[in-house]
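Per-entry structural report
Chain by chain, the residues:
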Amino acid sequence: MTVPYYRFRLSHITLGCVMALAAPPALAFSPAGQDIDYQTGDEEFEGYYVAANGDSKGSVLIVHDWDGLDDYERQRADMLAKQGFDAFAVDLYGTGNRPQSLENKQAATQRLYEDRERMRSLTQAGMEAALSEGMNSSSVILGYCFGGTVALEMARANSLDNIAGYASFHGGLDTPEGQSYDADIAPIFIAHGGSDQIVSLEDVATVSATLEEANVNYEVGIYSGAPHAFSVFGSDRYEEQADQRSWATFSAWLESRTD
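Since we're looking at a predicted model, the values are computed, not measured. (Residues numbered from 1 in each chain as written. Predicted model: local features only at pLDDT ≥ 70, side-chain atom pairs only at ≥ 80, totals over all residues. Heavy atoms only, no water.)

What follows is about the packing of helix H2 (residues 71-82) against helix H7 (residues 240-257). One can describe the packing of H2 onto H7 by two numbers: an axis separation of 12 Å at closest approach and a directional angle of 50°. In terms of orientation, H2 and H7 fall into the oblique class. Of the two elements, H2 crosses H7, and the hand of that crossing is right-handed. Within the contact between the two elements, H2 uses Arg76, Met79 and Leu80 and H7 uses Asp243, Trp247, Phe250 and Leu254. Among the residues making up the contact of H2 with H7, the classes are represented as 5 nonpolar, no polar and 2 charged. (Axes fitted to C-alpha atoms, helices over the stretch in contact; angles between N-to-C directions. Helix = DSSP H or I, 4+ residues; strand = E, 2+ residues; numbered from the N terminus. Parallel < 35°, antiparallel > 145°, perpendicular 65-115°, else oblique. Left-handed = near helix turned anticlockwise from the far one by under 90°. Contact = heavy atoms within 4.5 Å. Nonpolar A, V, L, I, M, F, W, Y, C, P; charged D, E, K, R; others polar.)

Okay, structure coming up:
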C-alpha cells in the first residue's frame, strides 16, 4: 500500500465521522463529572473525568472523534461511571481547539495521522492526567471513529502499563506500514457497522486475519444495517438497535476485563 493511498483512506474515514456528527444531540445532557485542565510540555489540554458510582471495577480512557472532546464522549463517560468504571475522556487537540469546519477537522486529524509519535504521546499524557485524578490504574482504551484508530495505534505500540484492553467503535482498521500486533498485548474489541461504506467488511476481515495470525485475543462484532458512526447519538447515521447491541456486548466484554 503506498503512502498517498493510505492518507486518502484516512481522510475518507474521518469524512464519514464528520457527516455523522453534523446533527445536534437528540437529548439534553447534564454532565455528572467535571472538565479537567492538564498540561504536557508547554501545551494545555482539557479532558473530562467522572468517577465510578460506588467501588471502581476499573477505568476507561475515551478517545474522541475528529471534532474533539464534546458531550458525546462526556455522555459515554457518564454511562460507564454508572456501570462502575472510572472514565476519562482525553483531549488530543488542546484547550479551545474544537474544530468546526470540515477543513479544520481534516487538518487536526491529519496532523496526528502523520505524526504517530505525537498521537501516542498525547494519549499517554491523557492517561497520566486521568491517573492523577485518582482513576483506577487498570484501564481499557476506548475510541470512536478517529479515536478507534487511536485505540488500535496504542494496541500496536503496547507501551502503557496496566492496560486491560483496547476497544474501537467504527474506527479505522488499517495497520500502517512498519507496525504490527504482538501476542502479548491486551485483548481487543471491535464494533463495526455491516453497512459501513467508509471502512469496509474487507478491512474487518483483514484486521481479523492479522490479529489471528499474531495470536491476539480479539472480538469483532458486526451489526447489520448499521452505517459508519452508527453509535453517535442525534446524528442522521444513528442506528439504535446496533448501538444498544454493541454497547451491551462491549459492556459484557469490559466486565470480563475486570474479573
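This brings us to the pattern of salt bridges. Any two side chains of opposite charge can pair if their charged atoms end up close together. Throughout the structure, instances matching the rule amount to 9 salt bridges. For glutamate 255, the salt bridge goes to lysine 57, with nearest N and O atoms at 2.7 Å. One end of the pair, glutamate 255, is in helix H7; the other, lysine 57, is in the loop between strand E2 (43-50) and strand E3 (59-63), with 198 residues separating them in the sequence. Assessed through its relative accessible area of 37%, lysine 57 is described here as partly exposed. Here the salt bridges share partners, and the residues they tie into one network are Arg116, Arg120, Glu153 and Arg156. (Salt bridge = Lys/Arg side-chain N within 4 Å of Asp/Glu carboxyl O. Buried < 20%, exposed > 50% of the residue type's maximum accessible area, 1.4 Å probe, protein only.)

As summarised here, the arrangement of the 8 strands in space is E1-E2-E4-E3-E5-E6-E7-E8, forming an open sheet in which the pairing is mixed. One side of each edge strand has no neighbouring strand; the edge strands of this open sheet are strand E1 (34-40) and strand E8 (218-223). Averaged over all pairs of adjacent strands, the angle between their axes in this sheet comes to 20°, without regard to strand direction. Strand direction decides the pairing type here: E2 and strand E4 (residues 86-90), joined by 3 bridges, are antiparallel. (Pairing = 2+ DSSP bridges.)

A separate point is the side chain of threonine 149. Mapping threonine 149 onto the fold places it in helix H5 (residues 146-157). Threonine 149 sits in the buried class, given a relative accessible area of 5%. Of the polar contacts made by the side chain of threonine 149, one reaches the backbone nitrogen of glycine 172; its length is 3.0 Å. With residues up to four places along the chain from it excluded, the contact list for threonine 149 reads Tyr113, Gly171 and Gly172. (Polar contact = N/O pair within 3.5 Å; in protein donor to acceptor, adjacent residues only side chain to side chain.)

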